[in-house]
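Structural overview for review
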Amino acid sequence: VQLQASGGGLVQAGGSLRLSCAASGRPFSRYVMGWFRQAPGKEREFVAAIGWSDDITYYADSVKGRFTISRDNAKNMVYLQMNSLKPEDTAVYFCALKRGIAGWGTRETTDFGSWGQGTQVTVSS
């Protein structure tokens, strides 16, 4: 599966953005999908993940209640709705798919693969 994230931009604190991740290649619906982010000088960190349907999700504590992950299997798309954005949300955001051997609930970057190009999100104060 090849992944491409888009939808980033510059937004003021308190604003919203919706990121999209387009998947191509293998059948998409079988994969658990995740969003990660990487700020300058920091390690890539987990943001959110989704199972085969919208009601099967988990989030990093730092974004819980503000971000919502969803998917449209018919369109091979995964989304990240980001509300109440904070300057500390500034990062490059990536989507990835969870490796089959990795357990549900993992937040480890090594348990995800098929990283595509990320999309920059900048939140100004």
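Definitions and cut-offs
Residues numbered from 1 in each chain as written. Predicted model: local features only at pLDDT ≥ 70, side-chain atom pairs only at ≥ 80, totals over all residues. Heavy atoms only, no water. Helix = DSSP H or I, 4+ residues; strand = E, 2+ residues; numbered from the N terminus. Rg over C-alpha atoms; globule rule 2.2 N^0.38 Å. Contact = heavy atoms within 4.5 Å. Areas by Shrake-Rupley, 256 points an atom, 1.4 Å probe, with all protein chains shown as cover. Lys, Arg positive; Asp, Glu negative; His and termini not counted. Charge placed at Lys NZ, Arg CZ, Asp CG, Glu CD. Disulfide = S-S within 2.5 Å. Buried < 20%, exposed > 50% of the residue type's maximum accessible area, 1.4 Å probe, protein only. Phe/Tyr/Trp six-rings, centres within 6.5 Å; stacked < 30°, edge-to-face > 60°. Lys NZ or Arg CZ within 6 Å of the ring centre and 35° of its normal. Pairing = 2+ DSSP bridges.

1. Focus: the overall build of the chain
- Helix and strand counts for the chain come out as zero helices and 11 strands.
- Listing the helices and strands of the chain from first to last along the sequence gives β-β-β-β-β-β-β-β-β-β-β.
- Here the C-alpha atoms of the chain give a radius of gyration of 13 Å, agreeing with the 14 Å that 2.2 N^0.38 yields for 125 residues.
- The principal-axis extent of the C-alpha atoms belonging to the chain is close to 40 × 25 × 25 Å.
- Relative to all contacts within the chain whose residues are 6 or more apart in sequence, the contacts with residues 24 or more apart total 57%.
- Of the roughly 6,400 Å² of accessible surface on the chain, 48% is carried by carbon and sulfur atoms.
- The averaged location of the 10 negative side-chain charges in the chain is 5 Å from the averaged location of its 14 positive side-chain charges.

2. Quick notes on the state of the cysteines
- For the structure on display, the rule yields one disulfide.
- For Cys 21, the disulfide goes to Cys 95, at an S-S distance of 2.1 Å. Disulfide Cys 21-Cys 95: torsion about the S-S bond near 70 degrees, hence right-handed. Taken together, the residues Cys 21 in strand β3 (residues 17–24) and Cys 95 in strand β9 (residues 91–98) connect sequence positions 74 residues apart.
- Its relative accessible area of 2% is what places Cys 95 among the buried residues.

3. Some details on the packing of aromatic side chains
- Applying the stated criterion across every chain yields a total of six aromatic pairs.
- With centroids separated by 5.6 Å and ring planes inclined at 80 degrees, the aromatic side chains of Phe 36 and Phe 46 adopt a geometry described as edge-to-face. On the criterion of sequence distance, the pair formed by Phe 36 in strand β4 (residues 33–38) and Phe 46 in strand β5 (residues 45–50) is long-range, its members being 10 residues apart. Of the two residues examined, Phe 36 and Phe 46, each falls in the buried class.
- An angle of 80 degrees between the planes, with centres 4.7 Å apart, marks the rings of Tyr 58 and Trp 104 as edge-to-face. Here the residue Tyr 58 occupies a position in strand β6 (residues 57–59), and Trp 104 occupies one in the loop between β9 and β10 (112–113), the gap between them amounting to 46 residues.
- On the basis of relative accessibility, which here comes to 8%, the residue Tyr 58 falls in the buried class.
- Joined through ring pairs, the aromatic side chains of Phe 36, Phe 46, Tyr 58, Phe 94, Trp 104, Phe 112 and Trp 115 make up one cluster.
- Over the face of the ring belonging to Tyr 79 we find Arg 18, whose NZ or CZ atom lies 3.9 Å from the ring centre.

4. Description of the pairing of β5
- Of all six residues that make up β5, five are buried, and the element is covered over most of its length.
- In this structure, β4 lies alongside β5, joined through five bridges in antiparallel fashion. Looking at the pairing, Phe 36 lines up with Phe 46 of β5.
- Connecting the antiparallel pair β4 and β5 is a turn made up of six residues, with Gly 41 showing a positive phi of about 75 degrees.
- One ladder, built from three bridges, connects β5 with β6; its direction is antiparallel. Looking at β6, one finds that Ile 50 is bridged to Thr 57.

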